[in-house]
Amino acid sequence: MTPPTRILLREETLDPSFLPPKLPHREPELALLLKRYREALARGVPFHLLLTGGVGSGKTALARRLAADLERAGRLGEYPAQATYVNCWRRASDRTVMLDLLRSVGVSLPDRGYSLSEMLDVFEQGIRRTPAHHLVLLDEASALVKQGTKLVYLLSRSREVGLGSISLVLIAAEDLLPYLDAPSRSSFGVTHRLALAPYGRAALADILVSRAELALRGGSFDRDLLDQIARVAAPGGDARFALELLANAARAAEDAGAEALAAEHVRRAKGSILPTVTESQLETLSTNQLGVLLAIARSLKRRGTSVPSQKLRAAHAALLEELGGPTMSRTTFWRTLKELERDGLVSLDAGASGESSQVAMDELPASFLATLLEERLGRAGGRKA
Ligand SMILES: Nc1ncnc2c1ncn2[C@@H]1O[C@H](COP(=O)(O)OP(=O)(O)O)[C@@H](O)[C@H]1O
Ligand SMILES: [Mg+2]
């Protein structure tokens with residue numbers, strides 16, 4: 001037997017801490033921010049920014065990309081840019097954030113004994129040793145700001161520190177303006193605010209392509225499969241979830257000794273990250289729903305990320321014949337599909353020019369679902385007899 005082929009060749013590039021070189025669908029935002037920063041810093045003026053958006057909308061990636069690109073740009077006006085990133089999630093106090101900032105300029109102070117403004121003085125002395133436009137990225141800043149931070153005010157006001165400037169980037173899931181004091185709020189006027197919309201399905205698919213090309217062996221994935229993952233992640237518009245699914249599906253494929261990712265691996269990944277279907281949920285389905293779901297599971301088990309509705313209807317008719325049940329009208333069949341969609345078990349995609357829809361089930365491995373349903377329908381049949 002040949003050893004199983006690796007699929008996840010560069011797994012670390014799917015890790016949330018990895019900063020991808022390209023951010024598809026955030027290029028316009030990146031270009032706009034780069035322009036604004038370059039212009040401001042070239043004039044020696046700091047630029048503050050409030051960056052908001054839902055989980056997985058690319059806030060952290062965009063901010064870090066911006067910082068890295070500015071650092072690489074060389075001198076902007078008199079000085080180069082230098083960025084410091086602090087995740088405030090677990091350091092939701094001005095002092096702990098300040099200690100991190102101090103560490104970033106090579107100063108370590110004891111935790112106590114210094115006031116915030118003394119610490120800020122030390123920070124400014126620290127950055128004077130490396131003249132630069134300092135970009136301070138405060139990520140996950142909600143808790144910090146809601147506790148009535150003074151640091152935001154102090155950092156956004158320390159416009160001239162002798163050599164260079166300090167620009168503040170506040171990153172949060174929600175709008176922070178209502179929580180800021182009036183003078184700080186004035187630092188974040190309309191051109192200093194950017195709200196990222198959740199990614200749509202097509203954008204997620206493009207993101208998945210760019211990341212799969214970095215992480216996976218060429219030939220181990222195709223666009224159809226990445227589109228299946230995008231479909232699963234689309235309701236949240238969350239790129240992080242999409243990438244987690246991709247990594248888990250790739251692991252499932254490797255574990256199965258497969259050469260390439262298949263739809264069944266994606267369903268397994270989805271089922272293990274966010275199980276939405278439980279056996280007890282299947283108990284609540286009608287016999288009609290169970291039958292249609294079984295036809296879907298059997299069709300998908302063989303191959304594919306979805307099945308055309310016409311093909312499915314034929315498979316379902318054959319199944320009813322096999323089970324010895326009555327035939328089902330086209331209307332009932334459609335109504336049942338719609339019910340399954342409403343319950344979140346199935347997704348329906350209008351086909352090209354509306355002639356036939358694509359029916360998908362991404363919740364758990366189709367082979368597993370088929371077994372569960374066969375057991376249930378078998379029992380129901382047994383009861384009837
Ligand atoms: N446009 C994009 N292109 C490629 N990868 C992206 C893009 N947007 C987000 N990602 C990736 O998705 C994950 C979540 O993004 P992140 O910036 O952490 O979201 P947020 O901070 O808004 O929760 C990260 O792994 C990030 O690299
Ligand atoms: Mg983030």
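Residues numbered from 1 in each chain as written. Chains lettered and ligands numbered in written order. Predicted model: local features only at pLDDT ≥ 70, side-chain atom pairs only at ≥ 80, totals over all residues.

Another point: the sheet that holds strand β9 (residues 358-360). Strands sit in the order β7-β9-β8 across an open sheet of three strands; the sheet is antiparallel. The open sheet is flanked by β7 (307-308) and β8 (347-349), the only strands paired with a single partner. In terms of strand pairing, β8 meets β9 through three bridges, oriented antiparallel. Bridging across to β9, L348 finds its partner in V359. (Pairing = 2+ DSSP bridges. Helix = DSSP H or I, 4+ residues; strand = E, 2+ residues; numbered from the N terminus.)

So, about the site of ligand 1. By nearness alone, 20 residues border ligand 1, and G58, K59, T60, A61 and A239 come closest of all. At the level of elements, α2 (59-72), α8 (201-215) and α10 (239-255) are the ones that each hand at least two residues to the shell around ligand 1. Residue composition of the shell around ligand 1, grouped by class: nine nonpolar, seven polar and four charged. In terms of domain composition, the shell around ligand 1 takes at least three residues from each of domain 1 (27-196) and domain 2 (200-273). (Near = placed C-beta within 6 Å. Nonpolar A, V, L, I, M, F, W, Y, C, P; charged D, E, K, R; others polar. Domains from an automatic or database assignment.)

Okay, the nonpolar core next. Of all hydrophobic cores here, the largest spans 57 residues; its most connected members are L204, I229, A242, L246 and I296. Of all the secondary structure elements, the ones that give two or more residues to this core are α8, α9 (223-233), α10, α11 (263-273), α13 (287-302), α15 (330-342), β9 and α16 (366-384). The dominant element in this core, judged by the number of residues it contributes, is α10, at 11 residues. Each of domain 2 (200-273) and domain 3 (279-384) accounts for three or more of the residues forming this core. Discounting chain neighbours no more than four positions away, the residues touching L246 are L14, L208, R211, A212 and I229. (Core = buried A, V, L, I, M, F, W, Y, C linked by C-beta atoms within 7 Å. Buried ≥ 20, exposed ≤ 12 C-beta atoms within 10 Å, placed from the backbone. Contact = placed C-beta atoms within 7 Å.)

Okay, the environment of Y37 next. The topology assignment puts Y37 in helix α1 (residues 27-42). Using a count of 24 C-beta atoms within 10 Å as the deciding quantity, one classes Y37 as buried. C-alpha of Y37 to C-alpha of L293: the two residues are 256 residues apart in sequence and 54 Å apart in space. Excluding its chain neighbours within four sequence positions, the residues that come into contact with Y37 are F47 and L70.

What follows deals with the domain arrangement of the protein chain. According to the domain assignment, the protein chain contains domain 1 (27-196), domain 2 (200-273) and domain 3 (279-384). Spacing between the C-alpha centres of domain 1 and domain 3 amounts to 53 Å.

In this section: α15. Taking 1.5 Å per residue as the helical rise, α15 with its 13 residues ought to reach 18 Å, and the 18 Å between its terminal C-alpha atoms agrees with that figure. Those residues of α15 that sit buried are F333, T336, L337 and L340. The buried residues of α15 occupy one face: seen down the axis, they fall within an arc of 100°. Counted as exposed and oriented over 90 degrees from the buried face of α15: T331, K338 and R342. The inward-facing, buried residues of α15 contact α13, α14 (309-323), β8 and β9. (Expected span 1.5 Å × (residues − 1). Arc of directions from axis to C-beta.)

In terms of residue burial, α9 counts as a mostly covered element, since nine of its 11 residues are buried. If you check which residues of α9 are buried, you get L225, L226, D227, Q228, I229, A230, R231, V232 and A233. The inward-facing, buried residues of α9 abut α8, α10, α11, β8 and β9.

Most of strand β4 (residues 132-139) is tucked away, with seven of its eight residues classed as buried. Summarising the sheet, strand β3 (residues 79-87) and β4 pair through seven bridges and their orientation is parallel. Note on β4: the bridge partner recorded for Q82 is H134.

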